[in-house]
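Survey of secondary and tertiary structure
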Protein chains: 4
Amino acid sequence: MGDIGIWLVGGRGSVATTAMVGAAALGAGAATAQGMVTATPGFPADHLPDVDRFVFGGQDVGELPLVKQAERLAGAGVLPSVLPGVVVDRLIEIEARIHRCAAPGEVPPRTAIEAMVRDLERFRREHALAQLIVINLASTEAPPAWTIPPVDDDALEVALDDWSSCPPSLVATLAALHAGAAYVDFTPGAALTAPAVLARARATGLPVAGRDGKTGETLLKSVLAPMFAHRNLTVRSWSGTNLLGGGDGARLADPEHAASKLASKGRTVANLLGEDVHQTVHIDCVPDLGEWKTAWNHISFAGFLGTAMSLQLTWQGCDSTLAAPLVLDLARLTSLALSRGESGALTPLAYFFKDPVGSDDHAFATQLLALERWAAA
Amino acid sequence: MGDIGIWLVGGRGSVATTAMVGAAALGAGAATAQGMVTATPGFPADHLPDVDRFVFGGQDVGELPLVKQAERLAGAGVLPSVLPGVVVDRLIEIEARIHRCAAPGEVPPRTAIEAMVRDLERFRREHALAQLIVINLASTEAPPAWTIPPVDDDALEVALDDWSSCPPSLVATLAALHAGAAYVDFTPGAALTAPAVLARARATGLPVAGRDGKTGETLLKSVLAPMFAHRNLTVRSWSGTNLLGGGDGARLADPEHAASKLASKGRTVANLLGEDVHQTVHIDCVPDLGEWKTAWNHISFAGFLGTAMSLQLTWQGCDSTLAAPLVLDLARLTSLALSRGESGALTPLAYFFKDPVGSDDHAFATQLLALERWAAA
Amino acid sequence: MGDIGIWLVGGRGSVATTAMVGAAALGAGAATAQGMVTATPGFPADHLPDVDRFVFGGQDVGELPLVKQAERLAGAGVLPSVLPGVVVDRLIEIEARIHRCAAPGEVPPRTAIEAMVRDLERFRREHALAQLIVINLASTEAPPAWTIPPVDDDALEVALDDWSSCPPSLVATLAALHAGAAYVDFTPGAALTAPAVLARARATGLPVAGRDGKTGETLLKSVLAPMFAHRNLTVRSWSGTNLLGGGDGARLADPEHAASKLASKGRTVANLLGEDVHQTVHIDCVPDLGEWKTAWNHISFAGFLGTAMSLQLTWQGCDSTLAAPLVLDLARLTSLALSRGESGALTPLAYFFKDPVGSDDHAFATQLLALERWAAA
Amino acid sequence: MGDIGIWLVGGRGSVATTAMVGAAALGAGAATAQGMVTATPGFPADHLPDVDRFVFGGQDVGELPLVKQAERLAGAGVLPSVLPGVVVDRLIEIEARIHRCAAPGEVPPRTAIEAMVRDLERFRREHALAQLIVINLASTEAPPAWTIPPVDDDALEVALDDWSSCPPSLVATLAALHAGAAYVDFTPGAALTAPAVLARARATGLPVAGRDGKTGETLLKSVLAPMFAHRNLTVRSWSGTNLLGGGDGARLADPEHAASKLASKGRTVANLLGEDVHQTVHIDCVPDLGEWKTAWNHISFAGFLGTAMSLQLTWQGCDSTLAAPLVLDLARLTSLALSRGESGALTPLAYFFKDPVGSDDHAFATQLLALERWAAA
């Protein structure tokens, strides 16, 4: 039962920092597992590795020290103000394991893959890791200039020729698989939409999971849409506006990057209620909201004899707080899959994603059932 | 396969009228089954009786003709304006079968039971009914002056001595069972909380189901509370304000009558999330809302590392529109239970109720699973 | 005291129809002046013409008969269901006075002006009108391809050469002024932004007023923004989403047409609270909302010592119901201006508009004060 | 131009502490006057005393040191986390001037008055104060057992016999006037409703102002109600739910104490829109909200031809942050009134209060106009 390496792409971001601070706080007895799905009664504790066994490393295009980032998050109310001080030693220790990586465009895609493979192999070697898991927590990438996602190795090779057809998530996935690591995409990265990538995961005997962590508005959609469907209430329109501050807000206010997110956000309702529902989703950057997010949804539906009614929601959440415990859950569950020798798309993990790879099920309750059964198997 | 008698207590009210207009419209091909749960794919059509087989009758303390009531509801936007005209012949036919009944206090409880038994027996005889089902759609009753609900026949006899200890729902239940009818309580009537009543249902071989139809705010609670629980997000407070117009609003603005409703409204969250959640629920009469209802909910919860977040909901619905199709569902499903010879509390019907008799499950998804399995058995 | 001609551009639209049905209902004693500003105590009744003196005429690119349109609006809950029947004779009488006009592009701009002048002159002659007022209620037009609005007659002549530089509102304004009519723009039409147009109004001795009737979201902004300013609370962001059904929604979902509306919608907050407020405004077409509109606003502000707070609004209104009484108000007040011989921009009417011509005051209270003083002068 | 004594009743509470920390921060250049009305352009700076001239003293039934209270508020996000450290010397200096006072019931009312008079006189003497102003910031008191408020000195003497007829606000007012101090009631205290108290203020040549600071929900009512009135839109119902955490929430969840607050909360809408508006207001204690408050309002109104529409508001604010700068405003303005020798009810200060003493004007805009005129006179 050696250590488990968790390599975070976007390792200095808000989600990654919150996850690592939280894991350290759990280890130090300074926090509970509140927010972690795998800590609920449906998951047998003895099947899953303790968070203590995780060794964190990673890469980022930025260089803000983890301790500074943790202090910034505490100032913004994301972390309790005392917590960065409590875990400062652990953060300094991790600091040396977060590499500065090249931004897309600085080096050719193949060079970026090679560099990442070297980093992963050294990480595994230096810490004598029993398992290695790469989790993508980078900012939302722009959709690649594909007409169709690469279906075979030849198409994949062509995609690697140029950044316009090689999204950063593809670099991360191929590097992970090459280095013998499992890969989880918590972003709407395009890599896992490519049949060639799923085939390679199966061929290398490694599991992959994704895409786009389901933390707020889409989480609500995945519980409410089935309610309307099972009560036979016809949803006519589902309109949403998301106000985001800070870094992610600025990134997503750029229409090119927002395209990936908006596509995955629309999928849940269309899957659960059909294509006839009139959907609009906006993502706006509102800088003063900082690390917080406000999502408003207006749902218009018809009941018996056609009578029109409506539901409105306002969700006020902190994305890092919502995402970080799920990152730890995904690390634990992917470790379980590695232990069991599973490979290819981990469909039972659909519960965590807006656009689950290998699954057509978007309903919270049935996703949960599938996940719990798989975990307890 | 003879006809099935549906006897509605509160037969001239908004819910009863909407249900009967809707059933007639379905029969005439002037409406779809939108809003009916038993019309969704989870329910095998051949197990359940067609709505066409229902013969409606009932009782009410009021005397407003059904046609007038239907026109009033159309004017209020509850029914399409043309519909009362389409089904006028059916309403006139039913009119003769809705009896004026004594209000509580006008005659002693035992006299009220005897009168109702006579009405039910005549109804069965005159229409050669194969099955008989009583559904309570009366206004919310005040809680009875019980310290504990009657546990045996002796206690039941004592309760029948006086209206203060004999809620109207008890009259309806005992009359139904005496007349060989199944009994469904769509209101928060106290009768089905009495062990003596459930015992009598078993003894007479008749099924009963209830209490308090889950149509709006509590429906949302039963899907959202499990989401918080399974995501390990700690709900700290759940605050609700319900603005109701019209008749039901006035009845529920009376604190004595509201007590029953408030108790059943609080139960779902306490059951699903524990007693520690700080709950407040208000029911206000706002006459200008007419047949419409607006419910606002504020849910405060904590995530990973204790960070506080919130969700707000505004539900704008029409209670009659939401309730009426469920009344038809309950009639169909109770008919199935009668066909199968089931007796006592129909626990698989928990899905429909705020405070399900004989069940501790308040979660939408697991209730649905239990219901679909039972229906398909 | 002869009759007053009210010529409605977009005379078969929802707003125009509601205004004419309402005026007829007022005349018949079948409605009150609820919703009309000029019926409040601040306005001396003897200064203003009765609505009875109005003779309605107009033009439209569509041909749906007024009676049909009124019935459609009654079916959608905009008008009481009995009202179209009550005023049917008046609508049939007006019907003959609503001309089919060419859509932009069908004929050159100068030809369109000449045709409209002929229509107006005949309208005046046939009804021996003492005054003539043109009110633009057409759909929102696309912004013209101006770099700057025409500043003199030469620039105006150039603009008239081509529809790309001649917005429909310019045709209406120039025709009105040529025919000796006052002109009111209830839409965000570009004509009144042109100095050359205001100069011509002064030269011809005729008053003009506009632009873009302030009926819902912007009305709220014009009362709430001054509250924040006078309480010295710093608004950081004001985010809005408008869900519109029906015709106007489809028109405004087209980005080209929405541009005019979004620009005038943003002006109120920038004017009252400064350019630093981060603003976003969306207009979405949600067909199932029909004639109704839902606007959500999220306002983030800082108080003493920088503490962040927020206000959210949800406005659910019917634009035709909100706009129509203001159209009658504007007709009465413009008639007053004509009686007083006023010409050029009617700045005291800023109270009615999102982007008031000739005024920099966007605050509800001071606009009202200016209007009441002017009306009472 | 000597110093001005500001004596705070409830001097260790959240509002008082925030006001004193803020005044110290302003003096130290560590904060701006954001949130202070008297810092807006409508108020000539040279008419009003600088906050620097204020010497704070006061009384409280509690004994939590100011520095601790400030740290608690910083932890709750009410104050910037660094601020208590910045002003710690000033807080320690004030600490010695906040007396422990008897709670109602511990000593007879007349004894309480005498003790407070002695404290005030010593405060004035020791600091050679040029002016003295008492501001009541205590928790909401229960309504006194009056049938009518005391109309003359004899009635006042009777009221002083017993705490049931002598509300704490009466003790504070009479002590202030006896000691030659102006009196401002920021709570819904009953004292200023007594004609005998206003007469005594006039007789002693001292100004008084109140009651119940208008900081959130009622502030919104005072800008929105006039909008509906002036647009001739008929408000049918105005329903509100206020969720309060912390100390004030617990106090106001007690129906006896809430009575005062609910009465003053209802007055604004009734005054501005008439008694026909159906109003409900709830105040709920939701402990996890801490120092924060969430108010939801639902306003139903009718427009032209009777069409029903609605507006909903959600206000999320921090009462101490909203109230504290107004406390400093009131101190400055009352000082101005003392300088001018004004006595009795200070009606131009109606702008600040839910239930203004001596004024029937509840509309934000006209209140502001009256205040600015008076201040600039």
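Below or above, wherever it landed, is the structure these notes cover. Predicted model, so just to flag it, every value in this text is computed and none were measured.

Here's the deal with the overall build of chain A
What chain A contains, in helices and strands, is 13 helices and 11 strands. Judged by the C-alpha coordinates and their principal axes, chain A covers about 70 × 55 × 45 Å. Out of the 377 residues in chain A, the part that is buried amounts to 62%. For chain A, contacts bridging at least 24 residues in sequence account for 77% of all contacts bridging at least 6. A total of about 12600 Å² of accessible surface is found on chain A, and carbon and sulfur atoms cover 53% of it. Here chain A carries 28 positive and 40 negative side-chain charges, and the mean point of each set is 3 Å from the other.

Here's the deal with the relation of the copies chain A and chain B
Rotating chain A by 180 degrees and translating it 0.0 Å along the rotation axis places it on chain B, where the RMSD comes to 0.0 Å. The superposition of one copy onto the other is thereby described by a two-fold rotation axis. Within chain A, Leu 313 of chain A has its C-alpha nearest the rotation axis, a separation of 2.3 Å. By residue overlap, the copies meet face to face through one surface: 100% of the interface positions of chain A are interface positions in chain B.

Overview of the sheet that holds strand S4 (residues 131-136) of chain C
Backbone-to-backbone hydrogen bonds join strands into a sheet, with any given pair of strands oriented parallel or antiparallel. Read from one edge of the open sheet, seven strands run S3-S2-S1-S4-S5-S6-S11 (chain C), paired in parallel fashion. The two strands at the open ends of the sheet, each matched to only one other strand, are strand S3 (98-100) and strand S11 (344-345) of chain C.

Examining the interface of chain A and chain B
Between chain A and chain B, the contact holds 62 residues from the first and 62 residues from the second. For the pair chain A and chain B, the two sides together bury roughly 4800 Å², of which 65% comes from carbon and sulfur. The interface formed by chain A and chain B holds zero salt bridges in total. For the interface between chain A and chain B, the tally reads 22 residue pairs in polar contact (both at pLDDT 80 or more). Where the side of chain A that touches chain B is concerned, the elements lending two or more residues are helix H1 (14-27), helix H9 (217-230), strand S9 (292-302), strand S10 (308-318), helix H12 (319-340) and helix H13 (364-376) of chain A.

Here we look at the packing of helix H7 (residues 168-178) of chain A against helix H8 (residues 195-204) of chain A
Residue and element names in this part refer to chain A. Two elements in contact, H7 and H8, have axes whose closest approach is 10 Å; the angle formed by their N-to-C orientations is 15 degrees. By the angle class used here, H7 and H8 are roughly parallel. As for the relative orientation of H7 and H8, their crossing is left-handed in sense. In contact with Leu 170, Thr 173, Leu 174 and Leu 177 of H7, H8 contributes Val 197, Arg 200, Ala 201 and Thr 204. Of the residues that constitute the contact of H7 with H8, the class distribution is five nonpolar, two polar and one charged.

Let's talk about the packing of aromatic side chains
Applying the stated criterion across every chain, the model contains 30 aromatic pairs over all chains. Seen from their ring centres, Tyr 351 of chain B and Phe 364 of chain B are 5.1 Å apart, and the 50 degrees between their planes marks the pair as tilted. Here Tyr 351 of chain B, found in the loop between strand S11 (344-345) and helix H13 (364-376), pairs with Phe 364 of chain B, found in helix H13; they are 13 residues apart in sequence, far enough to count as distant. Phe 364 of chain B sits in the buried class, given a relative accessible area of 5%. When the centroid spacing of 5.3 Å and the interplanar angle of 35 degrees are considered together, the rings of Phe 301 of chain C and Trp 315 of chain D count as tilted. Separated into two different chains, Phe 301 of chain C in strand S9 (residues 292-302) and Trp 315 of chain D in strand S10 (residues 308-318) make up a pair that spans both. Each member of the pair Phe 301 of chain C and Trp 315 of chain D is classed as buried. Through pairs of rings, three or more aromatic residues link up here, namely Phe 228, Trp 238 and Phe 301 of chain A together with Trp 315 of chain B. Residue placement shows Arg 340 of chain A over the ring face of Trp 374 of chain A; its charged tip is 5.0 Å from the ring centre.

Regarding the interface of chain C and chain D
Size of an interface: often given as the accessible area lost when the parts come together. Opposite the 63 residues of chain C that make contact, chain D presents 62 residues. In total, chain C and chain D occlude about 4800 Å² of area from one another, counting both sides; carbon and sulfur atoms represent 64% of this. Linking chain C to chain D there are zero salt bridges. Linking chain C with chain D are 22 residue pairs in polar contact (both at pLDDT 80 or more), by the criterion used here. When contributions to the side of chain C that touches chain D are tallied by element, the ones reaching two or more residues are helix H1 (14-27), helix H9 (217-230), S9, strand S10 (308-318), helix H12 (319-339) and helix H13 (364-376) of chain C. When residues of the side of chain C that touches chain D are assigned to their parent elements, the largest contribution, 11 residues, is made by S10 of chain C.

Criteria and thresholds
- Residues numbered from 1 in each chain as written.
- Chains lettered and ligands numbered in written order.
- Predicted model: local features only at pLDDT ≥ 70, side-chain atom pairs only at ≥ 80, totals over all residues.
- Heavy atoms only, no water.
- Helix = DSSP H or I, 4+ residues; strand = E, 2+ residues; numbered from the N terminus.
- Buried < 20%, exposed > 50% of the residue type's maximum accessible area, 1.4 Å probe, protein only.
- Contact = heavy atoms within 4.5 Å.
- Areas by Shrake-Rupley, 256 points an atom, 1.4 Å probe, with all protein chains shown as cover.
- Lys, Arg positive; Asp, Glu negative; His and termini not counted.
- Charge placed at Lys NZ, Arg CZ, Asp CG, Glu CD.
- Least-squares fit on C-alpha atoms with pLDDT ≥ 70 in both.
- Pairing = 2+ DSSP bridges.
- Buried area = accessible area lost by both parts, 1.4 Å probe.
- Salt bridge = Lys/Arg side-chain N within 4 Å of Asp/Glu carboxyl O.
- Polar contact = N/O pair within 3.5 Å; in protein donor to acceptor, adjacent residues only side chain to side chain.
- Axes fitted to C-alpha atoms, helices over the stretch in contact; angles between N-to-C directions.
- Parallel < 35°, antiparallel > 145°, perpendicular 65-115°, else oblique.
- Left-handed = near helix turned anticlockwise from the far one by under 90°.
- Nonpolar A, V, L, I, M, F, W, Y, C, P; charged D, E, K, R; others polar.
- Phe/Tyr/Trp six-rings, centres within 6.5 Å; stacked < 30°, edge-to-face > 60°.
- Lys NZ or Arg CZ within 6 Å of the ring centre and 35° of its normal.

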